[in-house]
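Survey of secondary and tertiary structure
These are the residues of each chain, in order.
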Amino acid sequence: MGTPSRTPSKAASFLLDDGLFRALLLLGRRDGVFGYLMAQNQDELVFVPLGGVGEIGMNMGAYGFGPAFARKWLVIDCGVTFGGPQQPGVELVMADPTFLEENADDVLGLVLTHAHEDHYGAVLDLWPGFDRPVFATAFTAAMLVAKRAADNIVDNVAITQMRPGQPFQLGPFTIEAINVAHSIPESNALLITTPVGRVLHTGDWKLDPTPVGNAPTDVARLEAIGAEEGALPLALVCDSTNALKEGVSPSEAEIAQTLEELIAAAPYRIAVTTFASNVGRIISVARAAHKAGRQIVMSGRAMHRISSIARELGMLEGLPPFLDQDAFRTLPREKVVLLCTGSQGEPRASIARIARGEHPAIDLNAGDRVIFSSWAIPGNEREVIDIQNMLIDRGIELITRDDALVHVTGHPRREELKRLYGWVKPQVLVPVHGEPVHLMAHAKLGRESGIPNVLEARNGDMVRLFPEPLNFPGEVRVGELYLDGNVLCTPDESGVKGRRRLSFGGHVVVSLCVSGNGSIAAGPEIVVEGLPEVEDDDESLGQVIKRTVFGTLKSIPPKRRSDPELVNTALSKAVRNEVNAFWGRKPNVTVFVHRV
Ligand SMILES: [Zn+2]
Ligand SMILES: [Zn+2]
């Protein structure tokens, strides 16, 4: 992608601007509302979510430290959401970083918790402009480098590697990564220490005592945080994704066990589709295949890319090499396990092409077994079900999470959240990473568990964590940016509204030339796009439009026909109305009238 361009920048809007603030300071009153304002002259630690709070996706948040008008900012995560049916043509949606751009001189750096797209997918689009370091562990750093190469991105960012248990300093912030289990290697919680208080920013996590391909959540470190004598107060900014789910999430080891049984028992070929970044799951499938005397064939670019990073970092030690898809046809039916992309129904990914019988190197037959070791992210359900239906219709045995324990998400359920509260003993809880329904459930659980301050924020709300936790000392401008082809733009700039209008109403173009005396010199030419081609009383919609155009022109006296504007208005209106009478919907109409 080239260098995206967009119009900067809406101003950050604080409740008070600096001038007014300073004027009030001069009044020197320390009581009442002025007391509150005076407090703003002191160092404080605030948190502002810019994305991911009130939605699942495009996570981005900033911690600010200092007095209200001179804060330093530490940014955590910079993710994307995939464009949905409401944004036709838009691939990616990301948080609008205007607030950070307005404070760019005081932005110190970006720390990435892990390499899921909703946490790091926007780094290469948004971060180069800041010219500040990015901190990430080895796997996340390697993923970022590989993404840049795969997408031919020109802009670069400076990556500094961080390691769990080795705190580092960035301005007033001391940052320590703490390993947590999740559905990708090297997910990290971040302990952020400032002179007035600490934050545990959990990132995405779960408590899995037996994960695959990654160490378990570092419970000992978390317990130590809560046990520290005389420590600064702690705020917990925590994953809410599964706050509605009771109990404890199943372990990755249980998924591995199920996969092993399903692979051992399959009579013919097996294909497993999963998230390419779930290296633990890939390891489980590979081990099960090895045990069953089968070889792994891998198909899908993302899966090749991520497994080669995992192999370089020693995560696939002891596993035989994975074969490329060209080997598929040379292996006997009962000697192969295919690992492939497409678990989200992406139309060009392997499993979709296999289901349609269009894959150049791979075909499956009746009696073969396909396992969806995944779930459909909301919005992708229809595409996933369509692929599953095609497979079933071809006599292929389908196994999903509805049939067996073949997938678990990587987020904490209620019992896990409560255990974390018990370990780290937070004075403040800010639920993040969730839709309102998840955030509300998480806030309620926090209150029931006795956390004294539960701050319910949404994107753009500034919350003060310490001293004196406060839900709403300010708000900043937030919004979305679209990546539309190579162009990064705001929703208003994007043209998506017009695209949606076209998709509902189609388009009619009428073009003609009128001469000075009102005679039709050329045309009318009529182009119709996206309207139904049916006949009513032997007349098609195309014919209705033609009749309307000719009829309308005829009804205008020749003298007035030499006025292009008048002809334009009359034709537009008549075509819209006549099509509406036929179709029940008004099309988009463009009329060109040239005076010759
Ligand atoms: Zn994640
Ligand atoms: Zn996430």
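We now turn to the structure provided with this report.

**Description of the nonpolar core**
Counting 78 residues, the largest nonpolar core has M94, L100, V123, W127 and F139 as its most contacted members. By residue number, the principal contributor to this core is helix α9 (residues 279–291), which donates seven residues. When neighbours within four sequence positions are excluded, V123 is seen to be in contact with C78, L110, L112, P128, V134, L144 and V157. Counting 30 residues, the second-largest nonpolar core is a separate cluster that includes L45, F47, M162 and L439.

**Comments concerning the coordination of the zinc ion (ligand 2)**
Around the zinc ion (ligand 2), the protein supplies D118 (OD), H119 (NE2), D204 (OD) and H433 (NE2) as donor atoms, at distances of 2.1 to 2.2 Å. Geometry at the zinc ion (ligand 2) is irregular, judged from the four donor atoms that bind it and their angles of 85 to 161° at the metal. On the primary sequence, the residues serving as donors to the zinc ion (ligand 2) are separated as D-H-x84-D-x228-H. The metal-metal distance between the zinc ion (ligand 2) and the zinc ion (ligand 1) is 3.5 Å, with D204 serving as a donor to both.

**Focus on the sheet that holds strand β7 (residues 134–136)**
Reading across the sheet, the eight strands line up as β8-β7-β6-β3-β2-β1-β22-β23 and stay open at both edges, with mixed pairing between neighbours. The open sheet has two edge strands with one neighbour each: β8 (159–161) and β23 (470–475). Ignoring which end each strand starts from, the neighbouring axes of this sheet average 30° apart. Lying over the sheet, helix α6 (residues 138–150) contacts β7 and β8, oriented at roughly 155° with respect to β8.

**A short note on the pattern of salt bridges**
Opposite charge on two side chains makes pairing possible when the charged atoms of those side chains draw close. Overall, the coordinates contain 21 salt bridges when judged by the stated rule. Salt-bridge contacts for E44 lead to R464; the nearest nitrogen and oxygen are separated by 3.2 Å. With E44 in strand β1 (residues 44–51) and R464 in strand β22 (residues 461–466), the pair connects residues that are 420 residues apart, well separated along the chain. Residue E44 shares its accessibility class with R464, and that shared class is buried. Two residues, R356 and E358, come together in a salt bridge whose shortest N-O distance is 2.9 Å. On the basis of relative accessibility, which here comes to 49%, the residue E358 falls in the partly exposed class. In the salt-bridge network here, residues are joined through shared partners; they are E44, R71 and R464.

**Digging into the coordination of the zinc ion (ligand 1)**
In the first shell of the zinc ion (ligand 1), the protein supplies H114 (NE2), H116 (ND1), H182 (NE2) and D204 (OD), at 2.1 to 2.3 Å from the metal. Around the zinc ion (ligand 1), the four donor atoms sit at angles spanning 91 to 165°, and that spread fits a shape best called irregular. If you list the donors of the zinc ion (ligand 1) from N- to C-terminus, the spacing comes out as H-x1-H-x65-H-x21-D.

**Re unusual backbone geometry**
Note that the residue after F466, namely P467, is joined by a cis bond; omega there is -15°. Within the element layout of this structure, P467 appears in the loop between β22 and β23. The omega angle of the peptide bond from G523 to P524 is -5°, so this bond is cis rather than trans. Not every positive phi belongs to a glycine, and D77 is a case in point at roughly 65°. Relative to the helices and strands, D77 resides in the loop between β3 (72–76) and β4 (80–82). Its identity is not glycine, yet H433 carries a phi of approximately 55°, on the positive side. Topologically, H433 is positioned in the loop between β20 (428–432) and α14 (436–448).

**Regarding a negative patch on the surface**
Side chains of E535, D536, D537 and D538 sit close together on the surface and give a patch of like negative charge. The residue E535 is located in strand β28 (residues 535–536) in this model.

**Describing the side chain of T202**
Relative to the elements of secondary structure, T202 occurs in the loop between β12 (197–201) and α7 (219–227). Among the residues examined, T202 registers a relative accessible area of 3% and is labelled buried. A polar side-chain atom of T202 sits 3.5 Å from a polar atom in the side chain of W205. The residues contacting T202, other than those within four sequence positions of it, are V180, N188, A189, L236, V237, C238, D239 and L420.

**Quick word on the environment of G280**
With respect to the secondary-structure elements, G280 resides in helix α9. On the basis of relative accessibility, which here comes to 6%, the residue G280 falls in the buried class. For the pair G280 and G213, spaced 67 residues apart in the sequence, the C-alpha separation amounts to 4.7 Å. With residues near it in sequence (within four places) discarded, G280 still touches V212 and E252.

**Here's the deal with the packing of helix α16 (residues 541–555) against helix α18 (residues 564–583)**
Taken N-terminus to C-terminus, the directions of α16 and α18 make an angle of 145°; their axes are 9 Å apart at the nearest point. In the packing of α16 onto α18, the handedness of the crossing is right-handed. Of the residues in α18, those touching α16 at L541, V544, I545, R547, T548, V549, T552 and L553 are V567, A570, L571, A574, V575, E578, V579, F582 and W583. Counted by class, the contact of α16 with α18 contains 13 nonpolar, two polar and two charged residues.

**Section: the packing of aromatic side chains**
Here the structure, examined in full by the defined rule, presents four aromatic pairs. Note on W73 and F99: the rings are 5.0 Å apart at their centroids and 85° apart in plane angle, and the pair reads as edge-to-face. Of this pair, W73 sits in strand β3 while F99 sits in helix α3 (residues 98–102), and the two are 26 residues apart along the sequence. Looking at F99, the relative accessible area reads 0%, which means it is buried. Taking the centre distance of 4.7 Å and the plane angle of 25° together, the rings of W127 and F130 count as stacked. Accessibility classification places W127 together with F130 in one group, the buried group. Above the plane of the ring of F322 lies R311, whose end atom (NZ or CZ) is 5.0 Å from the centre. Above the face of the Y268 ring, R333 is positioned so that its terminal group lies 4.2 Å from the ring centre.

Here is what the cut-offs are and how they apply
Residues numbered from 1 in each chain as written. Chains lettered and ligands numbered in written order. Predicted model: local features only at pLDDT ≥ 70, side-chain atom pairs only at ≥ 80, totals over all residues. Heavy atoms only, no water. Core = buried A, V, L, I, M, F, W, Y, C linked by side-chain atoms within 4.5 Å. Buried < 20%, exposed > 50% of the residue type's maximum accessible area, 1.4 Å probe, protein only. Helix = DSSP H or I, 4+ residues; strand = E, 2+ residues; numbered from the N terminus. Contact = heavy atoms within 4.5 Å. Donors = N, O, S within 2.8 Å, 3.2 Å for Na, K, Ca; no water. Tetrahedral: all angles 85-135°; square planar, octahedral: opposite > 155°, others 65-115°. Pairing = 2+ DSSP bridges. Axes fitted to C-alpha atoms, helices over the stretch in contact; angles between N-to-C directions. Salt bridge = Lys/Arg side-chain N within 4 Å of Asp/Glu carboxyl O. Patch = residues over 30% accessible without salt bridge, like charges linked within 9 Å, V, L, I, M, F, W, Y side chains within 5 Å. Areas by Shrake-Rupley, 256 points an atom, 1.4 Å probe, with all protein chains shown as cover. Lys, Arg positive; Asp, Glu negative; His and termini not counted. Charge placed at Lys NZ, Arg CZ, Asp CG, Glu CD. Polar contact = N/O pair within 3.5 Å; in protein donor to acceptor, adjacent residues only side chain to side chain. Left-handed = near helix turned anticlockwise from the far one by under 90°. Nonpolar A, V, L, I, M, F, W, Y, C, P; charged D, E, K, R; others polar. Phe/Tyr/Trp six-rings, centres within 6.5 Å; stacked < 30°, edge-to-face > 60°. Lys NZ or Arg CZ within 6 Å of the ring centre and 35° of its normal.

These figures come from the coordinates and say nothing about function on their own.
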